[in-house]
Amino acid sequence: VAFKGHSFSFLAGLRYALNFLSAQFDSTEFSIPLPFNEVTSNTRALNGNINFNYYPHANTQLNLDVSTGYRAPNIDDFGKVFKKDNYIMVPNNNLKAEYAYNGAISIYQNIFAKHKLINLRINGSFFTTLLNNVITRDDYQVNGLDSILYDGQMCKVRSNVNFDRALIYGFNSSLKLAFLKSWEFFTSLSFTKGNLVKENIPLGHIPP
């Protein structure tokens, strides 16, 4: 759905998605004695977005974006096995999908727009995302054991697991200066921070 007026535009959309995954481990005895030999996941989600743009005058634009999204765990999330330092990453067949609720406010401003020799364009955006059932790595147990012997070394067990919620927020900004019709200067700055809400610890692998 789209509407456009003299000083505003409005966009909205909906999407329904279905993800199905079924996988089987041919053998789990060669490395890790898992208590399961198959993984099945069936995820459905209705997502949407709303985008509102307001143009107070020709050189200024204000944006408001609200959206939802989700990420179904893939075969790599379910079945990854690798060793790093004194940790061994093991599969987890109980992963659930992540759900995201996003919001952003942005401003774009042209300065000296009518000047023949110089033009300055600046923009800034503030954003936040609330994640439910966020997938991240944590200590885990296999058959009641929090450490197992792997490749001749006793290793602490870890796996991808679902946490309750995580909050990601930050800002992006940029400046573009064009002058003398053939020179440009561009610079940008961004900041992103993410935390698991209940645990109040940093969220690893924050997406850009």
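Keep in mind that what you see is a predicted model, and the values were worked out from it rather than measured. Residue numbering note: each chain is counted from 1, following its sequence as written. Confidence filtering applies because this is a predicted model: local features only for residues at pLDDT of at least 70, side-chain atom pairs given and counted only at 80 or more, and all residues used for totals across whole chains, interfaces and linings. Where side-chain values are given, they derive from all heavy atoms of the structure, hydrogens and water being excluded.

### Brief notes about the side chain of asparagine 92
Here comes step 1: On the secondary structure map, asparagine 92 appears in the loop between β6 (87-89) and β7 (98-111).
Here comes step 2: Residue classification places asparagine 92 among the buried positions, given a relative accessible area of 5%.
Here comes step 3: Looking at asparagine 92, its side chain comes within polar contact range of the main-chain nitrogen of asparagine 94, at 3.0 Å.
Here comes step 4: Between N or O atoms, a polar contact is any pair within 3.5 Å; within protein, one atom must be a potential hydrogen donor and the other a potential acceptor, and residues adjacent in sequence are included only when both atoms are from side chains. At 3.2 Å, the side chain of asparagine 92 forms a polar contact with the side chain of tyrosine 140.
Here comes step 5: Not counting residues up to four positions away in its chain, the partners in contact with asparagine 92 are Phe36, Phe78, Tyr140, Ser159, Asn160 and Val161. Per the convention used, a helix needs a DSSP run of H or I reaching at least four residues, while a strand needs a run of E reaching at least two, with both numbered from the N terminus. Accessibility here uses a 1.4 Å probe with only protein chains present; expressed as a share of the type maximum, an area under 20% marks a residue as buried, one over 50% as exposed, and anything in between as partly exposed. Contacts between residues were defined by any pair of non-hydrogen atoms, one from each residue, lying within 4.5 Å.

### As for the pattern of salt bridges
Here comes step 1: Here a salt bridge means any side-chain nitrogen of Lys or Arg lying within 4 Å of a carboxyl oxygen belonging to Asp or Glu. Following the criterion strictly, the structure yields 8 salt bridges and no others.
Here comes step 2: Arginine 71 is paired through a salt bridge with aspartate 77; the nearest N and O atoms lie 2.8 Å apart.
Here comes step 3: Aspartate 77 gets classed as buried once you look at its relative accessible area, which sits at 12%.
Here comes step 4: Put simply, arginine 71 and glutamate 98 hold a salt bridge, and the shortest N to O gap is 3.2 Å. Here arginine 71, found in strand β4 (residues 60-71), pairs with glutamate 98, found in strand β7; they are 27 residues apart in sequence, far enough to count as distant.

### Focus on the nonpolar core
Here comes step 1: In these notes, a set of buried Ala, Val, Leu, Ile, Met, Phe, Trp, Tyr and Cys residues joined through side-chain atoms within 4.5 Å is what counts as a nonpolar core. In this structure, Ile32, Ile88, Val90 and Val157 are the most contacted members of the largest nonpolar core, which totals 15 residues.
Here comes step 2: Of all elements in the fold, only β10 (147-150) and β11 (153-162) reach the threshold of two or more residues within this core.
Here comes step 3: Discounting residues that sit within four places of it in the chain, isoleucine 88 has contacts with Ile32, Val81, Phe82, Lys83, Ile148, Tyr150, Cys155, Lys156, Val157 and Arg158.
Here comes step 4: Counting 9 residues, the second-largest nonpolar core is a separate cluster that includes Val161, Ile168, Leu196 and Leu203.

### Brief notes about the packing of aromatic side chains
Here comes step 1: Two aromatic rings, drawn from Phe, Tyr or Trp (for Trp, its six-membered ring), form a pair once their centres lie within 6.5 Å of each other, and the interplanar angle then sorts them: stacked below 30 degrees, edge-to-face above 60, tilted otherwise. This model, assessed by the stated rule, comprises 5 aromatic pairs.
Here comes step 2: Look at tyrosine 70 and tyrosine 99: their rings are 6.0 Å apart centre to centre, the planes differ by 25 degrees, and that puts the pair in the stacked class. With tyrosine 70 in strand β4 and tyrosine 99 in strand β7, this pair connects stretches of sequence that are 29 residues apart.
Here comes step 3: Note on tyrosine 70: relative accessible area 16%, which makes it buried.
Here comes step 4: Measuring from centroid to centroid gives 6.0 Å for phenylalanine 171 and phenylalanine 191, while their planes differ by 25 degrees, and the two rings are stacked. A residue pair is termed long-range when its members are at least 10 positions apart, and phenylalanine 171 in strand β12 (residues 165-179) and phenylalanine 191 in strand β13 (residues 183-196) qualify at 20 residues.
Here comes step 5: For phenylalanine 171, a relative accessible area of 28% translates into the label partly exposed.

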